[in-house]
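# Coordinate inspection notes
The lines below spell out each chain.
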Amino acid sequence: MTRRRHWRRFLGRIFLSVIVALVTILMGVPLYWVATGAVKTNREIYTFPPIWIPRNPQWSNFVEAWQAVPFPRFFVNSIVTTAGAVALELVFALLTAYALVFLRVRGRGLVFGFVVAALLVPSTVTLLPNYLTVARLGWINTYQGLIIPVAAVAFGVFLFRQHFLTLPRDLLDAARLDGCGHFGLIRHVVIPLSQPVMVTFLVIYLVAHWNDFLWPLVATNRLEWRTVPVGVAYLYQVEGVQNWGPILAGTLMALLPMLVVYVVAQRWIVKGIGGGAIKG
Amino acid sequence: MGRSVDVVEQERVAKLATPSGSRELSVDLRGRLGDWPLFVLFVTPNLLLLIVFTYWPLLYNAYLSLMQWDLISPVKLFVGFENYRFLLEDNEFREVFRNTVVFTVGTVGGTVILGLLFALLLDQPLRGIALARGVVFAPYVLSGAAVAVFWINMLNPRFGVVAQVASWLGTVSPNWLNHPQLAMVAVILVYVWKNVGFTTIVYLAGLQRIPQELYEAATVDGAGIVERFRYVTLPQLGPITLFLLVVSTISSFQAFDLIKVLTNGGPVNATTTWLFYIWEQGFVAFNAGRAAAAAVLLFVFLAVISFLQVRMGERRVSYD
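Since this is a predicted model, take the numbers as computed values, not measurements.

This part covers the overall build of chain B. When its secondary structure is counted, chain B shows 16 helices and two strands. Per-residue burial for chain B yields a buried fraction of 40% across its 320 residues. Put simply, of all contacts in chain B between residues at least 6 apart along the chain, 66% involve residues at least 24 apart.

What follows is the structure, given as structure tokens:
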């Protein structure tokens, strides 16, 4: 009896392993395809059946992509925009959530409701009016135009507030007894106790801003102000279907920063997004 | 008024009485206003941005929807509900609506069902499971525009991966992105590939929170693997499924970059979804009023859908 059960369990595990491997391959092939395509010669790309392992890697594809469109500029734009937006959001979220939890003020529930209700307004509805506002301010093709309209935080405030509510009161009171003011509390107590939430916050907003497409597309119209995602779409347009090698090389360059972030911070991303979703 | 002042005064006295409050209240002004000045200082920047770039646009968008305007001329022509009437009677918009429903059902259904299956698989204690999880979730953090570009290459009927798969299956790959029906299928496929990692991760977190005793109890009662799934796993995942349905529907309605790069809404209008239509009306056709009206309708529609999902879900889902 037990022996047969062992066998069944063993076979079951093999079967499951095979399925998991299949799923992994299916999900992974597109990533493999862009990574290898980036270093294929055009001749290798345009043959059928496709070549799975490029024979001699064409690093020149990257150079060509870099020269076909102003990639360095796209990267600078994306870095400044993402860093600026995320930094502002982090400060705003921390301060707002701190005020909502630790400052004794009437009507803070109302303020919290006002902030969170913003989550219900889809960016779809704000797109055209925000474009008009930014245009009227003369902010088209500027960093402030790319950053300020997307820097308001709602979800982040919610995230920090939920965490702050779990912080031990005794510790905060003790710090206050030691003569800590509110800024001191934030710096020496609240922030050190919020590291995991802050990492989650940073990763979520970092990914969202780096990948954002619609707002940069609308808020800029000159090539030197485009961000990486918009720039990659442009690269595809100008190189058309005649020159896939450099297109895939450029695409890979656009993907790399987030892939690196993902590999480094995978643990926190997975925990943050999975756990955050469930608690919320 | 008098009473509220009394309350403030009482609180002040109470604070003074406690040792922790005594230091803070050494400044008189602070004592009178409490934490108000600091509260305002902390909250105002974010609130201002929310007002200017979230709430005001909501109102302004509603105003624009009553106008006829090309975004350039100094005068906006008031046309009442003409834009709404046009949209509700327009054949093209009806097609856009239909596309949106197909896209939403396909992407939400695809990501939620596949996500559950993937999570069940990836929850198994197998060798290399961490790698599998890593690969499944990776596409979710990537730029939709970049993803679309390399999928165009993969979907190429002459030399793409998909052509290879088709030939393994003994057929020839159709020209997915130029096909009036298959273009939508392809866009949904790419969207599901990119986003299924999210639903998987959320389901995984949910699975790991199901108390082990429930399974043990079910096994003692003679439940097999199917019964355990049916009577323990599924009900326990109910609230998460509801959450995923609502969130996935909302993000599906906001899909833009994939569609813009993969098909640009085409061929003809075959993959023009609601948001894409709004963008096209506003920024290509310069028809601000119609874009705004479509945006208002989208907002209302999405709110109703979310509400219905939560209502119907709550009847089926038990939270404990």
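Still to come is the rest of the account.
We now examine the overall build of chain A. Along its length, chain A carries 14 helices and zero strands. Radius of gyration (C-alpha) of chain A: 24 Å, far over the 19 Å computed for a compact globule of 280 residues. By residue count, 42% of the 280 residues in chain A fall in the buried class. A sequence separation of at least 24 residues applies to 76% of the contacts in chain A between residues at least 6 apart.

Okay, the domain arrangement of chain A next. Residue and element names in this part refer to chain A. We note that the domain assignment places domain 1 (2–60) and domain 2 (61–279) within chain A. For domain 1 and domain 2, the distance between their C-alpha centres works out to 33 Å. On the side of domain 2, twelve residues touch domain 1, which itself brings twelve residues to the contact. Mapped by element, the contributors of at least two residues to the side of domain 1 that touches domain 2 are α1 (2–37) and α2 (42–45). Of the residues forming the side of domain 1 that touches domain 2, the biggest block, three residues, is contributed by α1. For the side of domain 1 that touches domain 2, the residue count by class is six nonpolar, five polar and one charged.

In this section: unusual backbone geometry. A cis amide bond, omega -5°, links Phe48 of chain A with the succeeding residue Pro49 of chain A. Within the secondary structure, Pro49 of chain A sits in the loop between α2 and α3 (60–68). A positive phi angle is found at Leu71 of chain B, which is not glycine, with a value near 75°. For Leu71 of chain B, the location among the structural elements is in the loop between β1 (67–68) and β2 (77–78). Positive phi outside glycine occurs at Asn264 of chain B, with the angle close to 55°. Tracing the sequence through the fold places Asn264 of chain B in the loop between α14 (257–262) and α15 (274–283).

Turning our eyes to something else, we now look at the environment of Asn156 of chain B. Residue and element names in this part refer to chain B. With respect to the element layout, Asn156 can be found in the loop between α8 (144–154) and α9 (161–168). According to the C-beta neighbour criterion, Asn156 is buried, with 22 such atoms within 10 Å. Residues Asn156 and Val136, spaced 20 residues apart in sequence, show a C-alpha to C-alpha distance of 23 Å.

With that settled, the discussion passes to the nonpolar core. Residues and elements named next belong to chain B. By size, the foremost hydrophobic cluster in this structure holds 159 residues, and its most contacted members are Ala148, Val149, Val187, Val190, Leu258, Leu262 and Ala295. In terms of residue count, the dominant contributor to this core is helix α10 (residues 182–207) (16 residues). Here Val190 is in contact with Val147, Ala148, Trp151, Leu258 and Leu262, once residues within four sequence places are set aside.

Turning to the packing of α10 of chain B against helix α13 (residues 238–253) of chain B, a few remarks are in order. Residue and element names in this part refer to chain B. For the pair α10 and α13, interaxial distance at closest approach is 10 Å and the crossing angle is 160°. As the angle between them shows, α10 and α13 are arranged roughly antiparallel. For α10 against α13, the interelement crossing comes out right-handed. On α13, the residues touching Thr199, Val202, Tyr203 and Gly206 of α10 are Ile240, Leu244 and Ser248. For the contact of α10 with α13, the per-class residue count stands at four nonpolar, three polar and no charged.

Residues and elements named next belong to chain B. For chain B, the domain assignment lists domain 1 (2–78) and domain 2 (85–316). Facing the nine residues of domain 1 at the interface are seven residues of domain 2. Taken together, the elements giving at least two residues each to the side of domain 1 that touches domain 2 come down to α4 (36–64) and β1. The leading source of residues in the side of domain 1 that touches domain 2 is α4, at three residues. Its residues placed into classes, the side of domain 1 that touches domain 2 shows five nonpolar, three polar and one charged.

This part covers helix α6 (residues 123–136) of chain A. Residues and elements named next belong to chain A. The end-to-end C-alpha distance of α6 is 19 Å, a good match for the 20 Å that 14 residues give at a rise of 1.5 Å each. Of all bends in α6, the biggest is about 30°, found at Pro129. All of the buried residues along α6 are Thr124, Val125, Thr126, Leu127, Leu128, Pro129, Asn130, Tyr131 and Val134. Looking one or two places after α6, you find Gly138, whose phi comes out positive at around 70°.

Moving on, we get to α4 of chain B. Approximately 45° is the largest bend angle found in α4 of chain B, and it occurs at Thr44 of chain B, with the proline Pro45 of chain B only one to four residues beyond. Burial in α4 of chain B covers these residues: Leu38, Phe39, Phe42, Val43, Asn46, Leu49, Leu50, Phe53, Thr54, Pro57, Asn61 and Leu64 of chain B. The secondary structure elements touched by the buried residues of α4 of chain B are α4 (71–102), α5 (108–117), α6 and α10 (182–190) of chain A together with β1 and α16 (288–316) of chain B.

Quick look at the interface of chain A and chain B now. Between chain A and chain B, the residue contacts involve 75 residues of the former and 77 residues of the latter. Split into classes, the residues belonging to the side of chain A that touches chain B amount to 54 nonpolar, 17 polar and four charged.

With that settled, the discussion passes to the confidence of the model for chain A. Any residue range with low pLDDT should be treated as having predicted coordinates unsuitable for detailed reading. Per-residue pLDDT for chain A has a mean of 89; in total, 96% of the residues score no lower than 70. The lowest-confidence element of chain A is helix α14 (residues 244–279) of chain A, averaging 82 in pLDDT; the highest-confidence one is helix α7 (residues 143–147) of chain A, averaging 96.

Let us now look at the environment of Thr96 of chain A. Take Thr96 of chain A: it is sitting in helix α4. Look at Thr96 of chain A and you get buried, because 29 C-beta atoms sit within 10 Å. Setting aside its immediate chain neighbours within four residues, Thr96 of chain A contacts Val115 and Val157 of chain A together with Phe42, Val43 and Asn46 of chain B.

Parameters at a glance
- Residues numbered from 1 in each chain as written.
- Chains lettered and ligands numbered in written order.
- Predicted model: local features only at pLDDT ≥ 70, side-chain atom pairs only at ≥ 80, totals over all residues.
- Helix = DSSP H or I, 4+ residues; strand = E, 2+ residues; numbered from the N terminus.
- Buried ≥ 20, exposed ≤ 12 C-beta atoms within 10 Å, placed from the backbone.
- Contact = placed C-beta atoms within 7 Å.
- Rg over C-alpha atoms; globule rule 2.2 N^0.38 Å.
- Domains from an automatic or database assignment.
- Nonpolar A, V, L, I, M, F, W, Y, C, P; charged D, E, K, R; others polar.
- Core = buried A, V, L, I, M, F, W, Y, C linked by C-beta atoms within 7 Å.
- Axes fitted to C-alpha atoms, helices over the stretch in contact; angles between N-to-C directions.
- Parallel < 35°, antiparallel > 145°, perpendicular 65-115°, else oblique.
- Left-handed = near helix turned anticlockwise from the far one by under 90°.
- Expected span 1.5 Å × (residues − 1).
- Bend = angle between axes of the 7 residues up to and from the residue.
- pLDDT = per-residue confidence, 0-100.

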